[in-house]
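This is what each chain is made of:
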Amino acid sequence: MRGVWLTLLAAALLIWPVSAGAAPADRSLDRLVALVVERLDTADAVAAAKWSTAGERGIEPTIDDPVREAEVYEVMIRLGHDRELSENWVRQVFLGQIEASKTVQRGLMTRWRFDPAAAPTAPVGLDSVRPVIDRVNVEILDQLAGHRAELTAPDCAEQLARSVFGVVVADRADVLHRAALVRAAVSLCAA
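Residues numbered from 1 in each chain as written. Predicted model: local features only at pLDDT ≥ 70, side-chain atom pairs only at ≥ 80, totals over all residues. Heavy atoms only, no water.

Asker: What should I look at first to understand the state of the cysteines in this one?
Answerer: When the sulfur atoms of two cysteines share a covalent bond, that bond is a disulfide. The full count for this structure, using the stated rule, is one disulfide. Note that C156 is cross-linked by a disulfide to C189, the S-S spacing being 2.0 Å. Between C156 and C189, the S-S torsion sits near -90 degrees, and that sign places the bridge as left-handed. In this pair, C156 sits in helix α7 (residues 156–171) while C189 sits in the segment after α8 (175–185), placing the two residues 33 residues apart along the sequence. For the pair C156 and C189, one class covers both residues: buried. (Disulfide = S-S within 2.5 Å. Helix = DSSP H or I, 4+ residues; strand = E, 2+ residues; numbered from the N terminus. Buried < 20%, exposed > 50% of the residue type's maximum accessible area, 1.4 Å probe, protein only.)

Asker: How do you make sense of the packing of aromatic side chains when you look at a structure like this?
Answerer: The way to describe two aromatic rings as a pair is by their centre distance and the angle between their planes. Applying the stated criterion across every chain yields a total of one aromatic pair. Judged by centre distance (5.4 Å) and plane angle (70 degrees), the ring pair of W51 and W112 falls under edge-to-face. One end of the pair, W51, is in helix α2 (residues 30–57); the other, W112, is in helix α4 (residues 87–114), with 61 residues separating them in the sequence. You can call W112 buried: its relative accessible area is 7%. Positioned above the aromatic ring of Y73, the side-chain terminus of R91 is 5.1 Å from the ring centre. (Phe/Tyr/Trp six-rings, centres within 6.5 Å; stacked < 30°, edge-to-face > 60°. Lys NZ or Arg CZ within 6 Å of the ring centre and 35° of its normal.)

Asker: What is the right way to read the environment of F165 from this model?
Answerer: The topology assignment puts F165 in helix α7. Along the chain, F165 and R27 lie 138 residues apart, while their C-alpha atoms are 9.8 Å from each other.

See below:
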């Protein structure tokens, strides 16, 4: 049943009209979703840095970074353990965050291949983006620990949807970023 609900949530968020009315006011997971959005916002800069570096080297850009991903998992699992969060849950959450970021990166790079004029000309380096990601990752863990009851409850997806709908309505994000937000958000409820 959870899988069906998450599929419906994903579909609704992608087609939800930006002009739709505001979501209900009782959104206790707003801060967590805001952090997911903040982390996801770094994906544009990461894509631009990877695009630029590949261009300088005359190679195709690489989105996957298994070494960096393994570092993120290792650190987040260790910090999650300090907060009494299950290793599987922490891995699930950060797999969702990483895959959502890659969704944006792939989408942007595809756009840039078809429209080179839209490609970044002065990207930010990864060294300036990674500290933001690292900080937000820790704050996401803090929110998981602080909202454990809501995120492990049977109605977690419904509670989460309220906050995600609020972001979708307010931010006027494009379809690519909406899809990535859904990918990141569905990983937050403990399985």
